[in-house]
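Listed below, chain by chain, are the residues.
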Amino acid sequence: MASERTLARDVSAEFRFRCIACGNLSNSASQNFRCVNCGDLLEITYPHWKESRPDAAQLKSTWRERRLSSSAIDLSGVWRFRDLLPALENDQQAITLREGNTPIYELPRCARTTGVPQLFAKHQGMNPTGSFKDAGMTVAATFARRAGFHWVACASTGNTSASMAAYAARGGMRGLVLVPEGKISWSKLSQALDYGAVTCQLRTDFDGCLRLLQELVLRAPVYQLNSINPFRLEGQKTLAFELLEQLNWQPPDHIIVPGGNLGNSSAIGKALVEMRDLGLISRLPKLSVIQAEGANALVRTLREAAGQRLINVSAETRATAIRIGNPASWKKAVHVLEATDGACEQVTEVEIAQAKAEIGAEGIGCEPASAVTLAGLKRLLKQGFVKLNETVVLVLTGNLLKDPDFTIDFHRGELFKGTKDESASAALSALQRPPIVLDATLDAVIRTLEQAERS
Ligand code: F0G
């Protein structure tokens, strides 16, 4: 039966699985990607780096040269960095949609209003399915197919399911999606449907979906593609490789990332430490994680339990991508915060909406979960954790088009109607640009133009 099945035949000599709690090393992982000794999460490690450390200058020049190549694997902004990823048997094995290669933008207006001289956005929403998930999915889906699986599955707040469905389809596998009913955006749901996944809307929340998935993989021959799967995190590391390359290997002072299930922050932190250990960068940026106040499990875990045990919460936020109360990778996130000296903060719903509109006003759309980064930066500045002369990179995780309802409700002034935040949100009216319905006459349009010019 499937529970006996392991991924042993998958593993090349070049990487191993290591338990993050007891350190147990193994050549294979069980279906639920948990340590056979203590049940904690696994991470991928590269023991041969100790004896023959990849040469930093050589890596940089190889990665630069690959940008001129037209082979499918080099056109991927993830596999271009394959020297620091689990090894494939051959280049054709990769299931790729040319993920990665995402832009880094300056945010001059947000820089002015916050007072930070150099403020950048690394926009992972420019990936093929519109979110950062693609960087991890190309790697994990590739290893799923290599292990001979016909079915892949995930629990999701929407973006993982969209990404998994796409990569399953490209790789000739079937996808099973478990999402909380009524709690993910239509855009994300429509992607999973269009890419042909079997999509189940479960009457529970994300945490309930994930719990069920973890039981399912022990009973049925499906390969789990949540970020508990350490191959996902290896792929997501490339965000940081690409970012540092774009910054000419000069580390920023701060990288700020949203926190939900905490896979992405763990992956970025792992990449930063690896880059430092391999001599690709000379110092570590501080990696900070921002959560919505209503889904603040990591914030509370650090404040109330000193990061020693998870304090889970019953999650509620309009930033549905991070509506997660029981984050699977909390321990990994605690480790990377410690390793990089980063901070963990929470922001309110009104702060999220304001930050999203401010990023949008720069001509750069993102989804609400991504905007927690700018809102968090403001808090970290107030606390003096970020200094006014420091360079900051915000990781925008998803595209604006992922959640148009939020944006339309915001601009129509309906986002907070009837909620406890209604009065606090009044201050946001200057940022609102509601659509204007007019008679189709020249006069009406000119009058509107004149009014807008005066406002
Ligand atoms: N931003 C967006 C747009 C997301 O979709 C997610 C997570 C996060 C941030 C948080 O990242 O979980 O690695 O800490 N979305 C998951 C999903 C959980 O199912 O799509 P994290």
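Each value, and the rule that gives it
Residues numbered from 1 in each chain as written. Predicted model: local features only at pLDDT ≥ 70, side-chain atom pairs only at ≥ 80, totals over all residues. Heavy atoms only, no water. 1 Å grid on protein atoms, 1.4 Å probe; cavity = no way out; pocket = protein on both sides within 12 Å on 5 of 7 lines; lining within 4 Å. Points joined across faces, edges and corners; volume = space filled by probe spheres on them. Nonpolar A, V, L, I, M, F, W, Y, C, P; charged D, E, K, R; others polar. Helix = DSSP H or I, 4+ residues; strand = E, 2+ residues; numbered from the N terminus. Salt bridge = Lys/Arg side-chain N within 4 Å of Asp/Glu carboxyl O. Buried < 20%, exposed > 50% of the residue type's maximum accessible area, 1.4 Å probe, protein only. Near = heavy atom within 4 Å. Polar contact = N/O pair within 3.5 Å; in protein donor to acceptor, adjacent residues only side chain to side chain. Areas by Shrake-Rupley, 256 points an atom, 1.4 Å probe, with all protein chains shown as cover. Sits in = over half its atoms within 2 Å of the grid points. Pairing = 2+ DSSP bridges. Axes fitted to C-alpha atoms, helices over the stretch in contact; angles between N-to-C directions. Contact = heavy atoms within 4.5 Å.

J.: Would you mind going over empty space enclosed by the protein with me for this structure?
T.: Gaps left between atoms show up when a probe the size of a water molecule is rolled over them. On inspection of all chains with the given rule, the structure shows two cavities of 30 Å³ or more. Estimates place the volume of the largest cavity at around 310 Å³. If you go around the largest cavity, you meet 26 residues; those closest to its centre are F132, K133, G260, N261 and A321. Residues that form the lining of the largest cavity fall into these classes: nine nonpolar, 14 polar and three charged. The space that makes up the second largest cavity amounts to roughly 30 Å³. For the second largest cavity, the full set of lining residues is G77, V78, G100, T102, Q124, A135, T238, L239 and E242. With three residues, helix α10 (residues 238-246) is the largest single contributor of residues to the lining of the second largest cavity.

J.: I would appreciate a short explanation of the pattern of salt bridges in the present structure.
T.: Close approach of charged atoms allows side chains of opposite charge to pair. Taken as a whole and judged by the stated rule, the model has 24 salt bridges. With a closest N to O distance of 3.9 Å, E89 and R146 form a salt bridge. Here the residue E89 occupies a position in the loop between α3 (72-75) and β4 (104-106), and R146 occupies one in helix α5 (residues 133-146), the gap between them amounting to 57 residues. Notably, a salt bridge pairs K122 with E242, separated by 2.5 Å at the nearest N-O pair. Here K122 is found in strand β5 (residues 118-123), whereas its partner E242 is found in helix α10, with 120 residues between them in sequence. Taking relative accessible area as the criterion, K122 reaches 0% and is therefore assigned buried. Through salt bridges that share partners, R66, D74, R82 and D83 make up one connected network.

J.: Before we go on, may I ask you to explain the site of the ligand in this structure?
T.: Neighbouring the ligand are 20 residues, the closest being S156, N159, N261, L262 and T397. The separation between an oxygen atom of the ligand and a polar main-chain atom of N261 is 2.7 Å. G263 is positioned with one of its backbone polar atoms (N or O) 3.2 Å from an oxygen atom of the ligand. Notes on the ligand: free accessible area 480 Å², of which the protein chains cover 98%. Judged by the fraction of its atoms near the pocket grid, the ligand is located in the largest cavity. Elements represented by at least two residues in the shell around the ligand include exactly α6 (159-170) and α11 (263-277). Partitioning the shell around the ligand into residue classes produces seven nonpolar, 11 polar and two charged.

J.: Teacher, can you tell me more about the sheet that holds strand β10 (residues 254-258) here?
T.: Sheets are built from strands that pair by backbone hydrogen bonding, the pairs being arranged parallel or antiparallel. One open sheet holds the six strands; their spatial order is β4-β5-β13-β10-β11-β12, and the pairing between them is mixed. In this open sheet, the two strands that pair with only one neighbour each are β4 and β12 (344-347). Each strand of the sheet is rotated relative to its neighbour by a mean of 25 degrees, with strand direction disregarded. Sheet topology places β5 next to strand β13 (residues 391-396); six bridges connect them, and they run parallel. Bridge pairing in β13 places K122 opposite V395. On top of the sheet, helix α12 (residues 297-305) reaches β11 (286-292) and β12; it is set at about 130 degrees to β12, its chief contact. Helix α13 (residues 330-340) contacts β11 and β12 of the sheet and is inclined by roughly 140 degrees relative to β11.

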